[in-house]
Amino acid sequence: MNIRQDGGGILAKKPEADIFTRELTPQQLLELDACTMCGQCLKYCPVQDVTGRPSISPPEKIRMFREFIKATGGLKSRLFGPGKVDRRLLEDFTRAVFECTTCGNCGQNCTVGIFTQRLWPALRKEMVRRGLGPIGPQVEIPDKILRTGNPYDKPASERFSPWFPEQIRIEDKAETGYYAGCTGAYEATPMVRGDVLVLAAAGEPFTMLPAGDEVCCGFPLFITGQHDMLEDLTKRLVNAYRDKGVKTLLCSCPCCVSIMARDWPIFYGDRLPFRIRHITQFAAEAISKGRLRPKRDLREKLIYHDPCYLSRGVGIIEEPRTVLRSIPGVELLEFEMHGLNSRCCGAGGAARKIFHENAIAMGRLTIDEAVEKHADRLILSCPACYAKVNEAMEGYDKQVVITDIMELFSNLIK
Amino acid sequence: MNMFLFLCAYAAYALFWGRLAISVFSWWRMENRLGGNGLSARGLPCSVCAGGAVDVLTFRRLLVANGWLWIGSWTFHLSFFLVVLRHLRFAMEPVPGFIRVMQVPGLAAGYLLPVSVAVIAAARFAGKEQYVSWKNMLLIFHVFAIAVTGLLMRFFRTDLVGAKKFVLGIFSFTPAAPPDGYLFIIHFSLVLLLVPFLPSHILAAPLVMFDARRREKGLAAVMHEYQAGRGWDLGKKA
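The notes below deal with the structure included here. (Residues numbered from 1 in each chain as written. Chains lettered and ligands numbered in written order. Predicted model: local features only at pLDDT ≥ 70, side-chain atom pairs only at ≥ 80, totals over all residues.)

1. Thoughts on the overall build of chain B
Along chain B, the regular secondary structure elements total 10 helices and two strands. Listing each helix as α and each strand as β along chain B from the N terminus yields α-α-α-α-α-α-α-α-α-α-β-β. Here chain B, with 238 residues, has 26% of them falling under the buried criterion. Considering only intrachain contacts with a sequence separation of at least 6, the fraction spanning at least 24 residues in chain B is 67%. (Helix = DSSP H or I, 4+ residues; strand = E, 2+ residues; numbered from the N terminus. Buried ≥ 20, exposed ≤ 12 C-beta atoms within 10 Å, placed from the backbone. Contact = placed C-beta atoms within 7 Å.)

Pasting the structure below:
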């Protein structure tokens, strides 16, 4: 079929700038059509839990975006010319899509199975292309990464030195590589310290990039719809690890792991020359092979929070539990919503610093449930969760000990 | 009046296909331009096909989310399908055997249809989700009105032969007068109004359900390795 490129015709190609679907995949276009507006997802939306505003709910976002598509590419617009998209509606939509934590629990429980963990970032990207997003401090992320290699604008010299154990050796080249990640290295240091202590305890020779070369994995850019630097960052990191002979790249940050496993091959343009593994996968395997064994009991009730991008994102659910169950004396509790259905702690979607109150309220819901279940310790395995839930507990009347999974495990294998 | 109804019927038909063509064209153009950006395996393994078919036919995901809404929705869609099959007798001559067989189930479905629509509306309003799409509610009310006017024609007898002549006339471009009585005109007009505004999820949702199955099946492959004889190394045996 020949499509007329100019002139009229209802199937004439629309100018690229007009099209609201440019950043979507065909599958995502189908997903927008597939929403039945049943509203069941609201029961699983953490933003709804703390705001109670259906105007920023998943079906409402889809309804608004459908309006944009219809106004610029629907039958009426093709017959009688494109309609005007209400600027106010665009701004409302932009705010709603950036207020979302992109946790994807709405999609996990969607009555037709829309993959919202990928849909919302795509819609954000469209808003960025139109100059409406990102919002607040998210705008500064590319410049910060360009300047310092991380979204926190911290110097590379402080990336490893404050927490890296002096006695642990980093190989120049090794089959196992370790990527600490920016949030872990700057905002959740006990977590990354625990990672390397566990690696060393298992006797695993590993390599790392120098602090100045271990730049952002690209996730903050991806999730805020700012894709310009992603290809460069990915190629820089992948080539650097490849040159160090890495066959398995380990990381503990779920967001890093998710973009590495799902998106790096796309930005790299090929299969990665190494496999991506989460630190709990390494630990669980090392435990099963007898390379790691807790030397002390822990008579405590632990409750484990599944990070959204680790469970729904890449399917790591059993391994953290395997690690925790290997500790003698531990009683493992579960949140009501756990595994694939886990509830966001509030730190997701690069929204935690803009919609601070939402994030704190979500973090406190996690704390509330841990306390209600009489957990002695809340176990996390995500640096963003770690930073935010700790922040949520400041000044809160309910208190629970918060520990990263590798921080805990490394203390028990000493 | 009959010429006006005729023109409305063709307009509704044209709008329906026009809308569908635009959707398919948009999708086709994107498929060519971008391709998929996910890493989920392409193709549909048997298990995904079977699971997807179960999801589509039973509305499994809705059942998990809300039992009452599931009862209403599943009954509604099945009833609607059976009622449409029953109505095909007005558009075909001679009437095929399977359409004759569907007359009794179709009649029973006709009674169930307004009930199921009422259950859907009640489940939506009674739920704690706090989200009501007024466009959807309008559609639900519209379908309810179609179902009720259709049922009323059983009690306020309509000339069925005249109705069939009228419908066949539309299909053969030979206008015939509609049967007497406002009930038929109202019922037919409501159906015409529904055709171009059929919700897009009717076609898209089944495809998305299949993809959701494929994605769920592929989740283990994102970070795990498949070991012959042992399955995915999900860390359970450690």
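Still to come is the rest of the account.
2. Concerning the overall build of chain A
Summing up its helical and strand segments, chain A has 20 helices and eight strands in all. Scaling as 2.2 N^0.38, a compact globule of 414 residues should have a C-alpha radius of gyration of about 22 Å, and chain A matches this with 22 Å. Taken along its principal axes, the extent of the C-alpha atoms in chain A is 75 × 50 × 35 Å. Across the 414 residues in chain A, those meeting the buried criterion constitute 57%. (Rg over C-alpha atoms; globule rule 2.2 N^0.38 Å.)

3. What to know about the sheet that holds strand E7 (residues 377–380) of chain A
Residue and element names in this part refer to chain A. In spatial order, the strands read E6-E5-E7-E8; together these four strands make up an open sheet with parallel pairing. Each of the sheet's edge strands pairs with one partner strand only, and the pair in question is strand E6 (331–334) and strand E8 (401–404). Neighbouring strand axes in the sheet, compared pairwise and without regard to direction, differ in orientation by 35° on average. For E7 and E8, the ladder comprises four bridges, and the chain directions are parallel. By the bridge assignment, Leu378 is partnered in E8 with Ile402. (Pairing = 2+ DSSP bridges. Axes fitted to C-alpha atoms, helices over the stretch in contact; angles between N-to-C directions.)

4. Side note on helix H17 (residues 318–325) of chain A
Burial analysis of H17(A) places seven of its eight residues in the buried class, the great majority of the element. Three or more residues of H17(A) are buried, namely A:Glu318, A:Glu319, A:Pro320, A:Arg321, A:Thr322, A:Val323 and A:Leu324.

5. Here we look at the environment of A:Gly107
Residue and element names in this part refer to chain A. Note on placement: Gly107 falls in helix H6 (residues 105–108). Spatially, the C-alpha atom of Gly107 lies 29 Å from that of Met406, the residues being 299 residues apart in sequence. Ignoring any residue separated from it by four or fewer positions in sequence, one finds Gly107 in contact with Ile114, Phe115, Thr116 and Gln117.

6. A closer look at the pairing of strand E5 (residues 301–304) of chain A
Residues and elements named next belong to chain A. The sheet contact formed by E5 and E6 spans four bridges and is parallel. Bridge pairing in E6 links Lys301 to Glu331. In the sheet, E5 pairs with E7 via three bridges, with the strands oriented parallel. Note on E7: the bridge partner recorded for Leu302 is Arg377.

7. Some points on the interface of chain B and chain A
Every contact between the two is made by 45 residues of chain B and, on the other side, 52 residues of chain A. Of all the elements, helix H10 (residues 201–223) of chain B adds the most residues to the side of chain B that touches chain A, at 13 residues. Its residues assigned to classes, the side of chain B that touches chain A shows 23 nonpolar, 14 polar and eight charged. (Nonpolar A, V, L, I, M, F, W, Y, C, P; charged D, E, K, R; others polar.)

8. Topic: the packing of helix H2 (residues 46–58) of chain B against H10(B)
Residues and elements named next belong to chain B. In the contact formed by H2 and H10, the axes pass within 9 Å of each other and the chain directions differ by 135°. Taken together, the axes of H2 and H10 are oblique relative to one another. Once H2 is placed against H10, the crossing between them reads as right-handed. Within the contact between the two elements, H2 uses Ser47, Val48, Gly51, Gly52, Asp55 and Val56 and H10 uses Pro206, Met209, Phe210, Arg213, Arg214 and Lys217. (Parallel < 35°, antiparallel > 145°, perpendicular 65-115°, else oblique. Left-handed = near helix turned anticlockwise from the far one by under 90°.)

9. Here we look at the sheet that holds strand E2 (residues 206–207) of chain A
Residue and element names in this part refer to chain A. With respect to topology, four strands assemble into an open sheet ordered E2-E1-E3-E4, the strand pairing being parallel. Of all strands in the sheet, those with a lone pairing partner are E2 and strand E4 (275–278), marking the two edges. Strand direction decides the pairing type here: strand E3 (residues 248–251) and E4, joined by four bridges, are parallel. The residue bridging Cys251 from the neighbouring strand is His278, located in E4. Along the sheet face, helix H15 (residues 279–288) touches E3 and E4 and points at about 80° away from the line of E4.

10. Observations concerning the nonpolar core
If you look at the biggest cluster of nonpolar residues, it comprises 157 residues, and the most contacted ones within it are A:Cys256, A:Met260 and A:Ala283. Counting residues per element, this core draws most heavily on helix H19 (residues 383–393) of chain A, at seven residues. In contact with A:Ala283, not counting residues within four places along its chain, are A:Val198, A:Leu292, A:Val323 and A:Phe409. Of all hydrophobic cores here, the second largest spans five residues; its members include B:Ala163, B:Phe166, B:Val167 and B:Phe184. (Core = buried A, V, L, I, M, F, W, Y, C linked by C-beta atoms within 7 Å.)

11. Remarks on the environment of B:Gly52
All names here are of chain B. Examined against the element boundaries, Gly52 turns out to sit in helix H2. Residue classification places Gly52 among the buried positions, given that 22 C-beta atoms sit within 10 Å. Separated by 41 residues in sequence, Gly52 and Ala11 place their C-alpha atoms 35 Å apart. Discounting chain neighbours no more than four positions away, the residues touching Gly52 are Met209, Phe210 and Arg213.

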